[in-house]
Amino acid sequence: MAKLANELGTEKISKLLIKQAVPATIGILVMSLNMIIDTIFVGQWIGVLAIAAITVVLPIAFLISSIGMGIGIGGSSIISRALGAENSEKAFLTFGNQICLTVILAILFVTLGNVFSVPILNLFGAKGDILPIASEYFGVIIWGVPFLAFAMMGNPTIRAEGKPKFAMYAMMIPAVLNILLDIVFIKVFDWGMWGAGLATSIAYASCGLYILYFFLSSKSELKIIPKNFKLDFKIVREIVELGGVSVVRQGAISVLMIVLNYSLFTYGGEISIAVFGIINRVMMFALSPVLGVSQGFLPVAGFNIGAAKNDRVKETIKKSIYFGSIIGTIIFIGIVIFKEQIIWVFTNDATLLEKTPNAMLVVFLVTPIVTMQLIGSAYFQAAGKSVPALFLTLLKQGIFLIPLAYFLPMYYGVNGVWWSFPIADTLSTIITVIVLKREVDKNLQ
């Protein structure tokens, strides 16, 4: 692991960030593009209600698989700092515990998802004509979720090894496969939502199996060692404390989706859920470069925190925010110029074409500043400080956006839902900047 130590501990920060962030961005872009194309296919070939069904179901699948993501991010923080401190034994033990936890918890929650599928779908907004379509879709993709959980555990762990290109491949393979299978199952075989779900489930499996192949191969510096599957209380506790931040974040997003779908259905009907389905897909794709910067930030910051190189940590924070803010500004300008054209890609439904562009513009209003939120919470995760990481993570979705999305529509109708996004972004960014600045002044001097 000497080469990794030489790179993350000595190489120029801007070069490191590019090396880590670009593959992460490409991977997220391709994965987001896959979800966009998936939405386009079901919207064009199945119907508007199919878009609404996907909007309801995917947050449930991601909530279950976020357990793997939490274990991956929590474990990768420990691994990065352990490698920075030249403690390979702890890194290997952490990796073994990650695998064991992911397998146990993914199977448990998938079982619960199968048993209580209808109540869960109702809770997340599958009402009226949406329910039967959502049930058909959910009943298939639930079987691919354990693979997705393993993939989401493995991806940040691969980046912690300093292998961002392989993490990128792991995200690209299922995206490309899902697109191809969508065409075959929906268009050629006419299998409808069941076919869309089958394509997605197979894609999840391909991602999990590729990551398993990577860890079994000579390319991985971390090895699957059965004796490390035995859970170590201290390691598990640290994984849960740090990874719990990501699980709680996804939990907050899931609660947010419940509130959003309730408000959208109450004040705008099924069509408003479809409007948000399109906006959400665009958001995931457009913000991919910003998310890529935050993903690239984690291993660089974590390694140098472990190596006690404070000047490099501060430089990593500053340059990540700088790069991300520039990217966010470019994204917002693109939304302003091409908002109508973007919606045309998804649908030719006249109502959606009328209602979606202005709503999307409002949702993206403060995109230039969102990097500050992401880097703020990512720093505390990289540093192993779970309490401030959890607080900053919950700021937007949990503390601000959920109540805003519930109460504003009471006074402003469905427009209140759209305006809750920029208001929540602005408030959470201000608080994140204050907390992060205090941390830097206190502990990184």
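If you're wondering where the values come from, they're calculated on a predicted model, not measured in any experiment.

About the criteria used
Residues numbered from 1 in each chain as written. Predicted model: local features only at pLDDT ≥ 70, side-chain atom pairs only at ≥ 80, totals over all residues. Heavy atoms only, no water. Axes fitted to C-alpha atoms, helices over the stretch in contact; angles between N-to-C directions. Helix = DSSP H or I, 4+ residues; strand = E, 2+ residues; numbered from the N terminus. Parallel < 35°, antiparallel > 145°, perpendicular 65-115°, else oblique. Nonpolar A, V, L, I, M, F, W, Y, C, P; charged D, E, K, R; others polar. Salt bridge = Lys/Arg side-chain N within 4 Å of Asp/Glu carboxyl O. Buried < 20%, exposed > 50% of the residue type's maximum accessible area, 1.4 Å probe, protein only. Expected span 1.5 Å × (residues − 1). Contact = heavy atoms within 4.5 Å. Core = buried A, V, L, I, M, F, W, Y, C linked by side-chain atoms within 4.5 Å. Domains from an automatic or database assignment.

> Just to check I follow, could you spell out the packing of helix α10 (residues 233-268) against helix α16 (residues 386-412) for this structure?
In helix packing, the relevant descriptors are the interaxial angle and the interaxial distance, both defined with respect to the helix axes. The contact between α10 and α16 brings their axes to 9 Å, and the two run at 5°. By the angle class used here, α10 and α16 are roughly parallel. A class-by-class count of the residues in the contact of α10 with α16 yields 20 nonpolar, five polar and two charged.

> Where do I start with the pattern of salt bridges in this structure?
Side chains carrying opposite charge are able to pair once their charged atoms draw close together. All told, the structure shown has 13 salt bridges when counted by the stated rule. Between Glu11 and Lys15 there is a salt bridge, with its nearest N and O atoms 3.2 Å apart. Under the relative-accessibility criterion, Lys15 is labelled partly exposed at 47%. In this structure, Arg81 and Glu238 form a salt bridge, with 3.1 Å as the shortest nitrogen-oxygen distance. Of the two residues, Arg81 sits in helix α3 (residues 48-84) while Glu238 sits in helix α10, which places them 157 residues apart along the sequence. Assigned by exposure class, Arg81 and Glu238 land together as buried. Three or more residues joined by partner-sharing salt bridges are found here, namely Glu11, Lys15 and Lys19.

> What's the story with helix α15 (residues 370-382) in this structure? I'm lost.
Along its 13 residues, α15 runs 19 Å from first to last C-alpha, staying within 8% of the 18 Å computed at 1.5 Å per residue. The buried fraction of α15 is high, at 11 of 13 residues. Tucked into the core, α15 has its buried residues touching α3, α10, α12 (288-306), α13 (310-346), α16 and α17 (414-443). Positioned one or two residues after α15, Gly384 has a phi angle of 80°, which is positive.

> It is not clear to me how the side chain of Thr102 should be interpreted in this structure. Could you clarify?
Relative to the helices and strands, Thr102 is located in helix α4 (residues 88-115). Those residues in contact with Thr102, other than ones at most four positions away along the chain, are Gly68, Ile71, Ala149, Phe150 and Met153.

> How should the nonpolar core be read in this particular structure?
Nonpolar side chains in soluble globular proteins tend to end up buried together. Leu260, Ile317, Phe364, Tyr379 and Trp418 are the most contacted members of the largest nonpolar core, which has 97 residues in total. Here this core takes 14 residues from α3, the largest share from any one element. Looking at which domains feed residues into this core, each of domain 1 (26-231) and domain 2 (257-444) supplies at least three. Discounting residues that sit within four places of it in the chain, Trp418 has contacts with Leu264, Ser272, Val275, Phe276, Ile279, Ala359, Val362 and Val363. Ranked by size, the runner-up nonpolar core spans 34 residues in total, among them Leu16, Ile78, Phe150 and Tyr210.

The values are spatial; any link to function lies outside them.
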